[in-house]
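Listed below are the residues making up each chain.
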Amino acid sequence: MELYSKYINKLIEQFSKLPGVGSKSAQRLALHIINMPTEHVERFAQVMIDAKKNIHYCNTCYTLTDAQTCPICANQGRDHGTIMVVENIRDLAAYEKTGKYDGVYHVLHGAISPMLGVGPNDIKLKELIKRLEGEVKEVIIATNSSLEGETTAMYISKLIKPTGIKVTRIASGVPVGGDLECIDEMTLLRALEGRTEL
Ligand code: ZN
């Protein structure tokens, strides 16, 4: 005999596909949804659909936005000659939260990992190189200090160096393997200020 109705099982199955959700949490979330008022469930579902329909990559930096160009890239008050390269949107958000960086960003959406079969063409690297045709004076590589992050940093620096554009790497005060988003603002700012030329 099935423990739950097939409808609940389907819901549990969907939740368990989410990152960080184990089978126990998936059960708890599914049962929570069932116990929610119908209109809350409808609103929740609609919010997910709306977000999915309206959000896409910024045509310049590849962060997620509901406009063609994200508010950071569209802001003329920012220094468009300095591009900070990050692995993901959460890293961008971490630097943005410090409020001390006034350049623009480039989101790679991953890092090169020969072990996981992620190559240079699997991240937004061509898109970064294309941006360098404009007036860029510095590219700050702020990928994580993990093996993948370092590999990516070296790869990017080798690509950019011949162009004569300054390439810097954030200081490695950031713990090895530590996700940028988990690091406090002071550490981030120190890493940024202590960046060195590659
Ligand atoms: Zn943008």
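Just above sits the structure.
All values derive from a computational prediction rather than experimental measurement.

> How do you make sense of helix α8 (residues 185-193) when you look at a structure like this?
An α-helix turns once every 3.6 residues. As a result, residues three or four positions apart point the same way. Three or more residues of α8 are buried, namely T187, L188, L189, A191 and L192. Looking at the buried residues of α8, the elements they touch are β3 (79-86), α5 (89-98) and β5 (138-141).

> Looking at this structure, I do not really get the coordination of the zinc ion. What am I missing?
Angles at a metal have ideal values that depend on geometry: 109.5 degrees with four tetrahedral donors, 90 or 180 degrees with six octahedral donors. Of the protein atoms, only C58 (SG), C61 (SG), C70 (SG) and C73 (SG) coordinate the zinc ion, at distances of 2.3 Å. In this structure, the zinc ion is surrounded by four donor atoms whose angles at the metal cover 105 to 115°, and the resulting shape is tetrahedral. Considered as a linear motif, the donors of the zinc ion on their single chain read C-x2-C-x8-C-x2-C. Remark: C73 occurs in helix α4 (residues 71-74) and C58 occurs in the loop between β1 (56-57) and β2 (64-65); sequence separation between them is 15 residues. Pair check on accessibility: C58 and C73 agree, each one buried.

> Please explain the packing of helix α1 (residues 6-16) against helix α2 (residues 23-35) as it appears in this structure.
When two helices pack together, their arrangement is given by the angle between the helix axes and the distance between those axes. Interaxial distance between α1 and α2 falls to 8 Å at its minimum, and their mutual angle equals 125°. The orientation of α1 relative to α2 falls into the category oblique. Remark: the crossing between α1 and α2 carries right-handed chirality. Residue-level contacts link I8, L11, I12, F15 and S16 of α1 to A26, Q27, L29, A30, L31, I33 and I34 of α2.

> Please explain the packing of α5 against α8 as it appears in this structure.
Contact pair α5 / α8: the axes reach a minimum separation of 9 Å and the direction vectors enclose 95°. One finds that α5 runs roughly perpendicular with respect to α8. Of the residues in α8, those touching α5 at A94, Y95, K97 and T98 are E185, L188, L189, A191 and L192. In terms of residue class, the contact of α5 with α8 is built from six nonpolar, one polar and two charged.

About the thresholds
- All residue numbers refer to position in the chain's written sequence, counted from 1.
- Totals for whole chains, interfaces and linings use every residue, but because this is a predicted model, local features are given only for residues with pLDDT of at least 70 and side-chain atom pairs only at 80 or more, for both listing and counting.
- Values shown for side chains rest on all heavy atoms present in the structure; no hydrogens or waters enter the calculation.
- We call a residue buried when its accessible area falls under 20% of the maximum for its residue type, exposed when it is over 50%, and partly exposed in between, using a 1.4 Å probe and counting protein chains only.
- Helix and strand assignments follow DSSP, with helices taken as H or I runs no shorter than four residues and strands as E runs no shorter than two, numbered in order from the N terminus.
- We call two residues in contact when some of their heavy atoms are within 4.5 Å.
- For Na, K and Ca the donor cutoff is 3.2 Å, while for all other metals N, O and S atoms count as donors only within 2.8 Å; water does not appear among the atoms, so some sites may look incomplete.
- The geometry test gives tetrahedral to four donors whose angles all lie between 85 and 135 degrees, gives square planar to four donors and octahedral to six donors whose opposite members are over 155 degrees apart with all other angles between 65 and 115, and gives irregular to the rest.
- Note on definitions: angles span 0 to 180 degrees between N-to-C directions of axes, and those axes are lines fitted to C-alpha atoms, for helices only across the stretch in contact.
- Oblique is the label for any angle not under 35 degrees, not over 145, and not in the 65 to 115 range, which are roughly parallel, roughly antiparallel and roughly perpendicular in turn.
- Here a crossing is called left-handed whenever its near helix is offset anticlockwise from the far helix by less than a right angle, and right-handed whenever the offset is clockwise.
- Each residue gets one label: Ala, Val, Leu, Ile, Met, Phe, Trp, Tyr, Cys and Pro are nonpolar, Asp, Glu, Lys and Arg are charged, and the others, such as Gly, are polar.

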